[in-house]
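Analysis of the macromolecular model
Single-letter residue listing:
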Amino acid sequence: MTRIPELPHLIYGADYNPEQWPAEVWREDITLMQEAGVNLVSLGIFSWALLERAPGEFDFAWLDEVMDLLHAGGIGVNLATATASPPPWLATLYPDSRPVTVDGVRLEIGGRQAYCPSHAGFRSHVEALVRVMAERYGTHPAVQVWHVNNEYGCHIDQCYCELCAQKFREWLRARYVTLDALNAAWGTAFWSQHYGAWEQIQPPRRAPTYANPTQQLDWRRFSSDNLLELYHLETAVLREVTPHIPVTTNFLGFLPGLDYFRWAAHEDVVSLDAYPDPLGASPHLEAGMQFDLMRSLRGGQRWILMEQATSAVNWRTVNAPKAPGLARLLNHVALAHGASGIMFFQWRASKAGAEKYHSALVQHPGPRRSRVWQEVVDFGAELRTLTPLLDARVSARVGVVFDWNSWWALELDSKPSRVSLMPLVQAWYAALRQLGQTVDFVPPSGDLGQYDLLVMPNSYLLAEGDAANVRAYVEGGGHLVTGFYSGIVDEHEHVGLGGYPAALRDVLGLWVEEWLPLAPGTVTPVQLGTASQPVEATTWAEVVHVDGAEVLGTFTDGAYGLVRGGPAVTAHASGAGRATYIATHLPEDALRDVLRGALTAAGVPHVTLPVHADVTLCTHPDGPLLHVLNAHGREELTVRVDGAADLAGAPLREELTLAPYHGVILRVPATFTVADLGVGQP
Amino acid sequence: MTRIPELPHLIYGADYNPEQWPAEVWREDITLMQEAGVNLVSLGIFSWALLERAPGEFDFAWLDEVMDLLHAGGIGVNLATATASPPPWLATLYPDSRPVTVDGVRLEIGGRQAYCPSHAGFRSHVEALVRVMAERYGTHPAVQVWHVNNEYGCHIDQCYCELCAQKFREWLRARYVTLDALNAAWGTAFWSQHYGAWEQIQPPRRAPTYANPTQQLDWRRFSSDNLLELYHLETAVLREVTPHIPVTTNFLGFLPGLDYFRWAAHEDVVSLDAYPDPLGASPHLEAGMQFDLMRSLRGGQRWILMEQATSAVNWRTVNAPKAPGLARLLNHVALAHGASGIMFFQWRASKAGAEKYHSALVQHPGPRRSRVWQEVVDFGAELRTLTPLLDARVSARVGVVFDWNSWWALELDSKPSRVSLMPLVQAWYAALRQLGQTVDFVPPSGDLGQYDLLVMPNSYLLAEGDAANVRAYVEGGGHLVTGFYSGIVDEHEHVGLGGYPAALRDVLGLWVEEWLPLAPGTVTPVQLGTASQPVEATTWAEVVHVDGAEVLGTFTDGAYGLVRGGPAVTAHASGAGRATYIATHLPEDALRDVLRGALTAAGVPHVTLPVHADVTLCTHPDGPLLHVLNAHGREELTVRVDGAADLAGAPLREELTLAPYHGVILRVPATFTVADLGVGQP
Amino acid sequence: MTRIPELPHLIYGADYNPEQWPAEVWREDITLMQEAGVNLVSLGIFSWALLERAPGEFDFAWLDEVMDLLHAGGIGVNLATATASPPPWLATLYPDSRPVTVDGVRLEIGGRQAYCPSHAGFRSHVEALVRVMAERYGTHPAVQVWHVNNEYGCHIDQCYCELCAQKFREWLRARYVTLDALNAAWGTAFWSQHYGAWEQIQPPRRAPTYANPTQQLDWRRFSSDNLLELYHLETAVLREVTPHIPVTTNFLGFLPGLDYFRWAAHEDVVSLDAYPDPLGASPHLEAGMQFDLMRSLRGGQRWILMEQATSAVNWRTVNAPKAPGLARLLNHVALAHGASGIMFFQWRASKAGAEKYHSALVQHPGPRRSRVWQEVVDFGAELRTLTPLLDARVSARVGVVFDWNSWWALELDSKPSRVSLMPLVQAWYAALRQLGQTVDFVPPSGDLGQYDLLVMPNSYLLAEGDAANVRAYVEGGGHLVTGFYSGIVDEHEHVGLGGYPAALRDVLGLWVEEWLPLAPGTVTPVQLGTASQPVEATTWAEVVHVDGAEVLGTFTDGAYGLVRGGPAVTAHASGAGRATYIATHLPEDALRDVLRGALTAAGVPHVTLPVHADVTLCTHPDGPLLHVLNAHGREELTVRVDGAADLAGAPLREELTLAPYHGVILRVPATFTVADLGVGQP
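Chain A is annotated in an unreviewed UniProt entry as Beta-galactosidase of Deinococcus rufus. Taken directly from UniProt, the Sequence similarities (unreviewed entry) text for chain A runs: "Belongs to the glycosyl hydrolase 42 family." Quoted verbatim from the Catalytic activity (unreviewed entry) field of UniProt, the annotation for chain A is "Hydrolysis of terminal non-reducing beta-D-galactose residues in beta-D-galactosides."

So this is what it looks like as structure tokens:
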């Protein structure tokens, strides 16, 4: 695997916004960066207005100076194309370059990202700026990587203006070719929606009631693609002018608006901005899940943690600091899950503007005057000892199916019940992590055969080809576990008839007659195998008819009197594989039990860890590496590993005690599996 | 009473949307309909876009075929005028034919009902379509009734566009004739609102603060009338072209936007779409109240239950199924309350579109493959045994005053407290049903003399003539019970002076000095007669001064120290009648006690039933019928009736045990009253 | 101090809206006013539409008659300029004279105050009307004072239309002179916001995300100033035409939109509309705080309580009446805090319109027919006995810093936590009142030296000069107590670097490294001095480094493990003074303890009162006066004062027992301080 960018060590750095400070500060910055071990900074992200103060009038003097200073200081640059937010003059020149909400409000400038992605004037100014940037800095020795735009879709992932409506129609024309095909796909025979001409079609703006669901779904697809087109606009110039410099754009984890599987294919390296809430129940899981997604987007390639907070952010209702040690812990989680570098937003806390209360490396009280700075310096030094990680590869035997199309479709209106995807995925992910599993996220169209176990918490929408891919995976010997309301609709969101889930009922050996959404606060008891008592399932139940499947769990009551004694969890041998179905939302322990059974059946080694133990096994040219982290902030964690050594190869005692928020990276024997691991609280 | 439509049996059927399916499915549909006992389907409701694919270009081939198939299959048609939702081309042709919200957002097409009722272009297309439909199908033998438009006002009951503003002004001009009259009625001397010209008047669009209340009230009246004008536009054509075919439009129960008393006069038969929430505390009461309203709208004439779900709907947050037996129970409630037919939305569950998860007769798993289908078939068979009900007439001795004008006025802003009408009506209705009473809903302008007891939970607004009507009812010997904050304002929402409630204080024998709204969660104790302890009243208290009335209940404390020892419940002999007043919101049992006392005084037989016993007495040419239903889903109900027989005349045992959700229809002796009924839980 | 207006007694009266009633009622009104002791009415506030029925067509006949009637009846007039709400014809003439929301919705007429303050046409009509009014009535003997407009900014304190945008730019140009200065002040180097031309600048309309904070702050300043300009427009005419008549405009207490310190300088007398919620925990404190602000706005000058309810209002969700005695109590609170008169909204309850359910002196049941009327009459008589109060002067030894700029800045978005100012000020105010202190509110730019103790619950923003003023106060011997997150930013909302709070760290003898906002529901224990156990602080904690300060209280745990053992409360001798700092939000008792310590250190006499005892000491030419009020509605209060006499000079017993909601005004010895007071519950 190529290292991108090509640095001798793991990346360490931050967003750097020198334009907010007088030049004398710049020199201090370089010295401090060196002290902290910084080797890469992201530069120029929001500099457009200062680089091009009037249309076509460029001023690069200050940036030239900063670039040279950084290079002289031995610090590489992740150079922004500077297009993240257009200058005020753009909105004056083109009032219709501002985006429009679903209610028809044209949004104002004064914040950031106030552009319509379809506006030709905006796009030509973007293209011109990128070309000038590329031509000017493409040969500068500091430049390591291009940072294209910034957090696409962070605030505006859908613009409902007339220009976007026009582009939507073009996108639909390309997708469907004929109006008949569109009418069929959208099911416009319903509610008198038949379109007689392309120009009759509109975005799903605020309407008297539910807009056509397929229209809404296509709108989400289009909106993601329309921003991707902006990205292509920039990268086309960069590929032409500076083909030697890799490109990235920073992602936002499980961002609802953008189908990152479609995006990542066009990057040289994936990068992530990650802001788990320190007040959340399990920040390491919230972050780790995003990290696993990033690694999965480009087939296991190491990725860059490009932004995070050294301590608190400024945009939640209550912005908690990262308690001492938490920042380091999360950095280790990132490295364990495949990061090739650790960066922050931002180098120096601003005096003014909307993000001045976002923590930074250099805090307001000044350099070398905060515990945060000390943590930053300490971690910079530690990072230099971890260079071997650059050659480690995280290897997962479990794949979790994730599909933006299905996410969008599931959360459309007019469903049996409001089911949100992410809580389901989080629950299943947490269960797998507790079972010691490293997991990839994989689209249903992906290479499924690489996994011993495929887990699909919910794939409400399964396009025909994707469903065939999943079925073929099982038939070919794969082990699948899927949850309720999966495989219900095709890519047009048409329900498969003949018994749910039409796309999977053969492989699952059952059909579902009826869904039974449960009211919040109500439960339905489920008896699992020979357990001593039923568990309390929530959210959803189903009337399941088995057709070959073995019943692993049974509804014993509840759910409107419609399921008593009916199957709740089933397994079915199908071809050379096996498919497990969970027709409800199980509580944590029960879900873990079902998944443990599936791992056993699939022959995947497993262990049951405390919830705050974060374990990841990697391959490495010098032998496997095991990351063991204690994500608990107050309690110690004890680990037993036979034959382990430290990263430098020095043998370790069998039993290690990890302080709160601390962890170790162990070299383990080649035959090691997580089943060999002893982990417990002392 | 004429049967409309003229079918030999009770109606059984559904909305039928064949345009969503290929022609081969149609034939299967006919067979299945016959199997289920269907004799009427609603057809073409959302077919406009497929009947008129471009302006003026009609294509009726598919509809012709379906009509002929249905007729050949012996199935009648409730034929829609197909105007429920205009095709997309209308909005392209006339962008301003779309409706506008109170905030000025012009709503988009893509859902349904996206039209402004005032738009001339829209209206001329509606009229043309209705004419073509009437001319083409007016002589088709399948047609039994016209289904005009669909659920008027369901999503858009008020459009704030400039065209509607213009029509509002015309409506006001017709109402007030002179600006002086309008200024006086609206009280524009307040807040500098005097109008000097008609064109200065606007709809109550989003304003800096409360719009003029009378303006708001007139706007609600206008908005109801403006949609009614659309209905007249269609029926004028139908009356002209097909005078022999009855017309209906499906109502939505207690819909806030439309004054159904004004509407129903222009129908040949009333029809209802009813969707009680299976998760609600008492779906049979929620539904029953709507059923009683429907029957009352046209003087006791039987009405059609035109839409309901076979099981779950798709538009609530959590859409519960109807538990086994609940659908049948609610059908029986409808029949008991005067339905002449039972129909559903929709025949076959859609594959696509916003209502695909609404339950149907033919569910997604396929025909004859669901418990829902079996229930449908079973009930179809049962229904054929109930044909005598077509000649039964529900007879009520109690009238509940209901007035959209008062509802609108009560729920305007800037009141002493936010009081919602429906919870009050529901509480009083439930109490009366528990006392074994069949009730009509009657407008205060109605024929009150037909009732032995008139109940007015709240009539905040009483127009002068209506107040006189109520007073005359009492003076003439009627018994009235009314609740707090009734009779306060006239039709212009002007407060009557001299002591509240000016319109009723003579008849009530009291005057109220001050209202005392109670904060949520606070109570005020009320001692009723010689009860052992006070009950806890909520919501509201009053400083009442009696002036002839007898005190039945007394506030003992609370309410800001202003009512201790003051009257809370009073009764007053007035002329030949008697008027009871309740100056607070009593808890369930206490309210029932007061109403029981009034029934006794009025000489109306009563009984106290369990809350889940639903009892309705009807007259019939062959002697009275008694519907007894057990609305409990888990417990049995025991009923004792002397001398009862079944519908066919076979004598029954005195004591009957009704299974959960089951009921009986009994022939009872001519002298039977509910006081003869023994009902209890075994 | 001059009495304004020059009346022989304390003012007593109400808003009078005779245009809502026929002329025969006017005569009854005069009789009733005389009966109630009314000597001043506010007239014509919402009369524009009836005075000028079409542009330029005036009709004063009815007003002339009312003026003469009032004068003949011995009743003075607080004459409105009648501009509070323009007539409908204005919006017809100038559709763009209506205001626009942050979302771009142009608000509709039909309520009140639907004008854009920047609209030239509106302004010219205002100016013309004021001139006509002044010329016509300037010599009328009834006129005592001009009532300019009404409740500026009540509904619309910000208009986002294009005209206001243009005026905003002009205001900014005047403030910053150069674009460079604006760019520096706004920190536009952040997020690519650099402005290259004035016309690029917009109001902070709805944007994709947070608008520039300094832009938002300047927008609030501009919006206040823009309404103030409207006030100037009117007063310029009045000063020219009727220089002999004093002017006022009625304020709304702590209204977020208007910086009343800037406004009051341009009035002759301050007036207030006060509507404390009778359901609130302490209406007397809610009201008293507003009263103290009013008195402070013009250096202790007595002010007019111009509007309040006799009982209930009509605009809350639940509008509770004032329990018997509460209205009188609040009137006494007003007099104690410096009111020179007691007025109400409104004289006679309306029959129609949005305020008909607002209580009045003459209620709907009619004159002399309500307990409210009796209370009104009784208080009118009592008031005549209190004339000496006109020469009393409330004297405060404690100043509470209050600054609209800081309020606006604190409650902008993107902060460490959402902290609201008013709850903090209310908590500190209540503590000071319980300690027997009379307090002024003072801007940080004010004459601080007049106070022995200066209290600053929160001044997040401290302009440079203001910070210097505060520091000089302490250096010069003053005693300061300030709370967390004070002195953080300068007038441009730029953070002071080098350790928080940069503006105060020298005077406080400490610096803060990090803020630790606490999640709702979480607490952090604080050990104060030698207290037996820690108290539970909430909302906020800080990492404090002392640099000279003495530690009075210590965090013992919590707050993310970052403060254990760190300072929570400190005091620092600075120059001749002393500064106390509270780095968290203390519970009520603990806050009072810290403030008690500061009062002791400052040599200010104090006492600890029950929460419902309201005590105010005033100076008077005849010797000091002490107001003692019992704000409890159900319990008595016992007071011991040596050597007290009643207002007429008659000696009183040492121990007085005050009935619920009752109070006394005592003449006390010249040496009396609150420390001499014995107050307790019997």
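Now for the UniProt feature "domain: Beta-galactosidase trimerisation" (unreviewed entry) in chain A. Under the UniProt annotation, "domain: Beta-galactosidase trimerisation" (unreviewed entry) lies at residues 396–604 of chain A. Here residues 396–604 of chain A runs as 25% helix and 29% strand, with 10 Å between its end C-alpha atoms.

The next subject is the relation of the copies chain B and chain A. Rotating chain B by 120 degrees and moving it 0.0 Å along the rotation axis overlays it on chain A with an RMSD of 0.0 Å. Such a combination of rotation and displacement between the chain copies is what one expects of a three-fold axis. No C-alpha of chain B lies nearer the rotation axis than that of Val105 of chain B, which sits 5.1 Å from it.

With that settled, consider the packing of helix H1 (residues 23–36) of chain A against helix H3 (residues 61–72) of chain A. Residue and element names in this part refer to chain A. In the contact formed by H1 and H3, the axes pass within 10 Å of each other and the chain directions differ by 30 degrees. Judged by the angle between their axes, H1 and H3 are roughly parallel. The handedness of the crossing between H1 and H3 is right-handed. Counting all contacts with H1, which are made through Trp26, Arg27, Ile30 and Met33, the residues of H3 involved are Trp62, Glu65, Val66, Leu69 and Leu70. When the residues that make up the contact of H1 with H3 are grouped by side-chain class, the tally is seven nonpolar, no polar and two charged.

Quick look at the UniProt feature "domain: Glycoside hydrolase family 42 N-terminal" (unreviewed entry) in chain A now. UniProt marks residues 15–385 of chain A with the feature "domain: Glycoside hydrolase family 42 N-terminal" (unreviewed entry), using the numbering shown here. Taken end to end, residues 15–385 of chain A has its terminal C-alpha atoms 23 Å apart, with 40% of it in helix and 11% in strand.

Further remarks concern unusual backbone geometry. Omega for the bond connecting Phe345 of chain C with Gln346 of chain C falls within 30 degrees of zero, at -10 degrees, which places this linkage in the cis form. Tracing the backbone shows Gln346 of chain C in the loop between strand S11 (339–344) and helix H12 (371–383). The residue after Tyr500 of chain C, namely Pro501 of chain C, is reached through a cis peptide bond having omega -20 degrees. Tracing the backbone through its elements, the reader meets Pro501 of chain C in the loop between strand S16 (479–483) and helix H16 (505–508). Positive phi outside glycine occurs at Val177 of chain B, with the angle close to 65 degrees. Secondary-structure assignment places Val177 of chain B in the loop between helix H6 (162–176) and helix H7 (179–186). For Ser192 of chain B, which is not a glycine, the phi torsion comes out positive at approximately 60 degrees.

Moving on, we come to the sheet that holds strand S6 (residues 143–147) of chain A. Residue and element names in this part refer to chain A. The strand order across the open sheet built from nine strands is S7-S6-S5-S2-S1-S11-S10-S9-S8, with neighbouring strands paired in parallel fashion. Of all the strands in the sheet, the pair left with one neighbour each is strand S7 (247–248) and strand S8 (250–251). Pairing between strand S1 (residues 11–16) and strand S2 (residues 40–43): four bridges, direction parallel. Across the sheet, Asp15 pairs through a bridge with Ser42, a residue of S2. Each of strand S10 (303–307) and strand S11 (339–344) is contacted by helix H11 (residues 326–336), which is oriented at about 150 degrees to S11, the strand it contacts most.

In this section: the sheet that holds strand S10 (residues 303–307) of chain B. All names here are of chain B. Spatial strand order, S7-S6-S5-S2-S1-S11-S10-S9-S8: nine strands in an open sheet with parallel pairing. Sheet topology places strand S7 (247–248) and strand S8 (250–251) at the edges, where each strand pairs with a single neighbour. One ladder, built from four bridges, connects strand S1 (residues 11–16) with strand S11 (residues 339–344); its direction is parallel. Of the residues in S11, the one forming a bridge with Ile11 is Gly341. This element, helix H3 (residues 61–72), spans S1, strand S2 (40–43), strand S5 (76–80) and strand S6 (143–147) of the sheet and lies at about 170 degrees to S2.

Turning our attention to the interface of chain B and chain A. Listed per partner, the contact involves 51 residues of chain B and 50 residues of chain A. Taken together, chain B and chain A are joined by three salt bridges. The partner of Arg205 of chain A in a salt bridge is Glu108 of chain B, with the nearest N and O atoms 2.8 Å apart.

Bringing the interface of chain B and chain C into the picture now. Between chain B and chain C, the residue contacts involve 51 residues of the former and 51 residues of the latter. The largest share of the area that chain B buries against chain C comes from Trp191, Ser192 and Pro208 of chain B, three residues that together contribute 16% of it. Put simply, chain B and chain C have three salt bridges between them. Measuring nitrogen to oxygen at the nearest pair gives 2.6 Å for the salt bridge that ties Lys356 of chain C to Glu493 of chain B. On inspection of chain B and its partner chain C, the count reaches 23 residue pairs in polar contact (both at pLDDT 80 or more). For the side of chain B that touches chain C, the elements supplying multiple residues, two or more each, are helix H8 (213–241) and strand S17 (510–517) of chain B. When the residues that make up the side of chain B that touches chain C are grouped by side-chain class, the tally is 28 nonpolar, 14 polar and nine charged.

Moving on, we come to the layout of surface pockets. A water-sized probe, rolled over the atoms, reveals where empty space remains. All names here are of chain C. Volume-wise, the largest pocket comes out at about 1,100 Å³. Every residue lining the largest pocket is counted, 47 residues in all, and those nearest its centre are Tyr275, Pro276, Glu286, Gln290 and Arg316. Looking at the lining of the largest pocket, the elements that each hand over two or more residues are helix H10 (283–297), helix H14 (421–434) and helix H17 (588–602). Partitioning the lining of the largest pocket into residue classes produces 27 nonpolar, 11 polar and nine charged.

What follows covers the pairing of strand S27 (residues 655–658) of chain A. Residue and element names in this part refer to chain A. The two faces of S27 differ: Leu656 and Leu658 on one face are buried, but Glu655 and Thr657 on the other face are not. Bridging between strand S26 (residues 637–640) and S27 involves four bridges; their strand directions are antiparallel. Its bridge partner lying in S27, Val639 is registered against Leu656.

Turning our eyes to something else, we now look at the packing of helix H1 (residues 23–36) of chain B against helix H12 (residues 371–384) of chain B. For any two helices packed against each other, the geometry comes down to the angle between their axes and how far apart the axes lie. Residue and element names in this part refer to chain B. Running from N to C, H1 and H12 cross one another at 55 degrees; their axes reach a closest spacing of 7 Å. One element, H1, and the other, H12, form an angle in the oblique class. Two secondary-structure elements touch here, H1 through Leu32, Glu35 and Ala36 and H12 through Trp373, Val376, Val377 and Gly380. Classifying every residue of the contact of H1 with H12 gives five nonpolar, one polar and one charged.

What follows concerns the environment of Pro605 of chain A. Note that Pro605 of chain A resides in the loop between helix H17 (588–602) and strand S24 (613–619). The residues touching Pro605 of chain A, leaving out its near neighbours within four places in the chain, are Arg397, Gln437, Thr673, Val674 and Ala675 of chain A.

Conventions and cut-offs
Residues numbered from 1 in each chain as written. Chains lettered and ligands numbered in written order. Predicted model: local features only at pLDDT ≥ 70, side-chain atom pairs only at ≥ 80, totals over all residues. Heavy atoms only, no water. UniProt positions renumbered as here; feature names shortened; annotations may be inferred. Helix = DSSP H or I, 4+ residues; strand = E, 2+ residues; numbered from the N terminus. Least-squares fit on C-alpha atoms with pLDDT ≥ 70 in both. Axes fitted to C-alpha atoms, helices over the stretch in contact; angles between N-to-C directions. Parallel < 35°, antiparallel > 145°, perpendicular 65-115°, else oblique. Left-handed = near helix turned anticlockwise from the far one by under 90°. Contact = heavy atoms within 4.5 Å. Nonpolar A, V, L, I, M, F, W, Y, C, P; charged D, E, K, R; others polar. Pairing = 2+ DSSP bridges. Salt bridge = Lys/Arg side-chain N within 4 Å of Asp/Glu carboxyl O. Buried area = accessible area lost by both parts, 1.4 Å probe. Polar contact = N/O pair within 3.5 Å; in protein donor to acceptor, adjacent residues only side chain to side chain. 1 Å grid on protein atoms, 1.4 Å probe; cavity = no way out; pocket = protein on both sides within 12 Å on 5 of 7 lines; lining within 4 Å. Points joined across faces, edges and corners; volume = space filled by probe spheres on them. Buried < 20%, exposed > 50% of the residue type's maximum accessible area, 1.4 Å probe, protein only.

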